[in-house]
Amino acid sequence: MNTLPLPLDGITVVAVEQAVAAPFATRQLADLGARVIKVERPDGGDFARGYDTAARGLASHFVWCNRGKESLAVDLKDPRGLAVVRELVAGADVFVQNLAQGAAARLGLDAASLCAAHPRLVAVDISGYGADGPYAHRRAYDMLVQCEAGLVSVTGTADRPVKAGIPAADIAAAMYAFSGVLAALLRRANTGRGGPVEVSMLDALAEWMGHPLHQGTHGSAPPARTGLAHSVIAPYDAYPTADGEQVLLSVQNDREWRRLAEQVLGRPELADDPDFATNAARTANRERTDEAVGRGLAGLTGREALAGLEAAGIACARLNTVADVAAHPQLAARDRWREVGTPVGPLRALLPPITLPGSEEARMGAVPALGEHTDALLRALGMTDEQTSVLRRDGVIV
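Enquirer: I'm lost on the overall build of the chain in this one. Help?
Expert: Helix and strand counts for the chain stand at 17 helices and 11 strands. Overall, the C-alpha framework of the chain stretches about 85 × 45 × 45 Å when taken along its three principal axes. Among the 398 residues that make up the chain, the fraction classed as buried is 45%. Partitioning the contacts of the chain with sequence separation of at least 6, the portion at a separation of at least 24 is 67%. Accessible area for the chain stands at about 19,800 Å²; split by element, carbon and sulfur atoms hold 55% of it. For the chain, the separation between the mean place of its 39 positive charges and that of its 47 negative charges on side chains is 3 Å.

As structure tokens, this is what we get:
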């Protein structure tokens, strides 16, 4: 059987991008076969390169979001540099930008302007709060948008709200931008026209607020912060075991509660006790419910507790550390790890979650050094070595 090519093989993307939202979106495109040209500032590049040095001297955010791209380091404030990018866009299928609000429009690189000039182009504007409205020009970093979207209000404990431990607003915007590009490319295949795509971090994360938003806007109080517990289901929490592990379990219905009480806790009388027999009763008596479950698991090791819960058909999990995830047996068994090239040598990285059986494996290309592909890209545009030397002398490129 012939192997199918990656679905975005032959698609060229030009991205004027920084931080996480746009780079994570275009990385998805690169993994699926697109050629992604990343436009960076000559004076340090994407500022995410300087977030930390945790990945063997490289920034962990940058390594995560920028594999498989070509780096063009060019000054867009210089007309010569802007002309280079405009020429690249003229031959591209997709353009993505997440500059500060209004900056792309001043350069003529906003989606509306580019799509008017290039009808087949799919052009994406990613912003914090959208192109208009009272928040349009506010700075929009991930934590700020998590707060504005209400995520922090439902995350944490009763005493203290906390932000998500990953950049949830950036990721939400990135994935809607990614799917927006795919939808626009499909439309172009049918109509011959690409068109603008707009995604804001606030819109994306507000959509992810899902049931708390509906719960809070249709006459009920929004869910309380309950840590690892669930606001309307009990038991649904983490419980310590005899060897210091934390085991999470979730009882979704009263049949499961009966099995838990009889087969794991060794207290069959709880199955019919009116204080525990229904989820409404268990939620109303949450402290007593948690105390009963905690007492039952406290005498077991983590391994014993998980084995007993699984045998009883109760959903359960370990409270893993990041190191545990890196060594997770399920990821190893499914061969999800690969090595990606970087300026400091190969680094482990997970295959992207989209698997296409019968297709080529995801194209997990190298993480580029700043300006690594500048000369090759300019030569491909017909620029001579003498011309590039002048631009380098003038600080327009590196």
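Enquirer: Any chance you could explain the sheet that holds strand β1 (residues 12-16) here in plain terms?
Expert: The pairing of strands in a sheet happens through backbone hydrogen bonds and is either parallel or antiparallel. Pairing is parallel in the open sheet, where 6 strands are placed in the order β3-β2-β1-β4-β5-β6. A strand with exactly one partner marks an edge of an open sheet, and here the two such strands are β3 (69-73) and β6 (195-200). Strand after strand, the sheet turns through a mean of 20 degrees between neighbouring axes, direction not considered. With 6 bridges connecting them, strand β5 (residues 122-127) and β6 associate as parallel partners. Counterpart to alanine 123 in the pairing with β6 is proline 196.

Enquirer: Can you help me understand the sheet that holds strand β9 (residues 315-318) in this one?
Expert: Here we have 3 strands laid out as an open sheet, ordered β7-β8-β9, and antiparallel in their pairing. In this open sheet, the two edge strands, each paired with only one partner strand, are β7 (236-240) and β9. Shown here is a sheet whose adjacent strand axes are inclined to one another by a mean of 25 degrees, direction ignored. Judged from the 5 bridges that link them, β7 and strand β8 (residues 246-250) form a sheet pairing that is antiparallel. Across the sheet, residue proline 240 finds its bridge partner in β8, namely glutamine 246. Helix α12 (residues 286-298) contacts β7 and β8 of the sheet and is inclined by roughly 40 degrees relative to β7.

Enquirer: Sorry, what's going on with α12 here?
Expert: One turn of the α-helix equals 3.6 residues, which is why residues spaced by three or four share an orientation. With 13 residues, α12 extends 18 Å between its outermost C-alpha atoms, agreeing within 8% with the 18 Å of an ideal straight helix rising 1.5 Å per residue. Among the residues of α12, those classed as buried are Arg286, Thr289, Asp290, Ala292, Val293, Gly294 and Leu297. If you follow the buried residues of α12, they end up packed against β7, β8, α10 (254-264), α11 (279-284) and α13 (302-311).

Enquirer: Which parts of the structure should I look at to understand the layout of surface pockets?
Expert: Any empty space left between atoms is shown by rolling a water-sized probe over those atoms. Considering only enclosed or pocket space, the second largest pocket measures out at about 1,100 Å³ in volume. Contributing to the lining of the second largest pocket are 35 residues, with Arg27, Trp64, Trp337, Ala349 and Leu350 lying nearest its centre. Elements with a minimum of two residues in the lining of the second largest pocket: α1 (21-31), α2 (60-65), α7 (168-191), α14 (322-326), β10 (337-340) and β11 (347-350). Residue composition of the lining of the second largest pocket, grouped by class: 23 nonpolar, 7 polar and 5 charged.

Enquirer: Explain the packing of α7 against helix α8 (residues 201-208) to me, please; I cannot follow it from the model alone.
Expert: Helix packing geometry: the angle between the two helix axes and the distance between the axes. Between α7 and α8, the shortest axis-to-axis distance is 8 Å and the interhelical angle comes to 100 degrees. Considering the angle they form, α7 stands roughly perpendicular to α8. Contact residues: Ala168, Ala169, Asp170, Ile171, Ala172, Ala173 and Tyr176 in α7; Met201, Ala204, Leu205, Glu207 and Trp208 in α8.

Enquirer: Got a minute to help me understand the pattern of salt bridges in this structure?
Expert: Between side chains of opposite charge, pairing is possible as soon as their charged atoms come close. Across all of its chains, the model carries 25 salt bridges by this definition. The shortest N-O distance in the salt bridge between aspartate 9 and arginine 363 comes to 3.5 Å. Of this pair, aspartate 9 sits in the segment before β1 while arginine 363 sits in the loop between β11 and α16 (374-380), and the two are 354 residues apart along the sequence. On the basis of relative accessible area, arginine 363 is assigned to the partly exposed category, the value being 33%. The closest approach of N and O atoms between arginine 338 and aspartate 335, which form a salt bridge, is 3.3 Å. Put simply, Glu17, Lys38, Asp46 and Lys69 are held in one network by salt bridges that share partners.

Enquirer: Please clarify how the side chain of aspartate 31 should be interpreted in this entry.
Expert: You can see aspartate 31 is positioned in helix α1. Residue class for aspartate 31 comes out buried when judged on its relative accessible area of 1%. At 2.9 Å, the side chain of aspartate 31 forms a polar contact with the side chain of arginine 67. Aspartate 31 has contacts with Leu6, Arg67, Pro352, Ala362, Arg363 and Met364, leaving out every residue within four places of it along the chain.

Enquirer: Explain the packing of α1 against α7 here, please?
Expert: It is at 8 Å that the axes of α1 and α7 come closest, and there the two elements cross at 40 degrees. With respect to α7, the element α1 is oriented oblique. The two elements α1 and α7 cross, and the hand of that crossing is right-handed. Along the contact surface, α1 presents Ala21, Phe24, Ala25, Gln28 and Leu29, while α7 presents Asp170, Ile171, Ala173, Ala174, Met175, Ala177, Phe178, Val181 and Leu182. Classifying every residue of the contact of α1 with α7 by side-chain character gives 12 nonpolar, 1 polar and 1 charged.

What counts, and where the lines are drawn
- Residues numbered from 1 in each chain as written.
- Predicted model: local features only at pLDDT ≥ 70, side-chain atom pairs only at ≥ 80, totals over all residues.
- Heavy atoms only, no water.
- Helix = DSSP H or I, 4+ residues; strand = E, 2+ residues; numbered from the N terminus.
- Buried < 20%, exposed > 50% of the residue type's maximum accessible area, 1.4 Å probe, protein only.
- Contact = heavy atoms within 4.5 Å.
- Areas by Shrake-Rupley, 256 points an atom, 1.4 Å probe, with all protein chains shown as cover.
- Lys, Arg positive; Asp, Glu negative; His and termini not counted.
- Charge placed at Lys NZ, Arg CZ, Asp CG, Glu CD.
- Pairing = 2+ DSSP bridges.
- Axes fitted to C-alpha atoms, helices over the stretch in contact; angles between N-to-C directions.
- Expected span 1.5 Å × (residues − 1).
- 1 Å grid on protein atoms, 1.4 Å probe; cavity = no way out; pocket = protein on both sides within 12 Å on 5 of 7 lines; lining within 4 Å.
- Points joined across faces, edges and corners; volume = space filled by probe spheres on them.
- Nonpolar A, V, L, I, M, F, W, Y, C, P; charged D, E, K, R; others polar.
- Parallel < 35°, antiparallel > 145°, perpendicular 65-115°, else oblique.
- Salt bridge = Lys/Arg side-chain N within 4 Å of Asp/Glu carboxyl O.
- Polar contact = N/O pair within 3.5 Å; in protein donor to acceptor, adjacent residues only side chain to side chain.
- Left-handed = near helix turned anticlockwise from the far one by under 90°.

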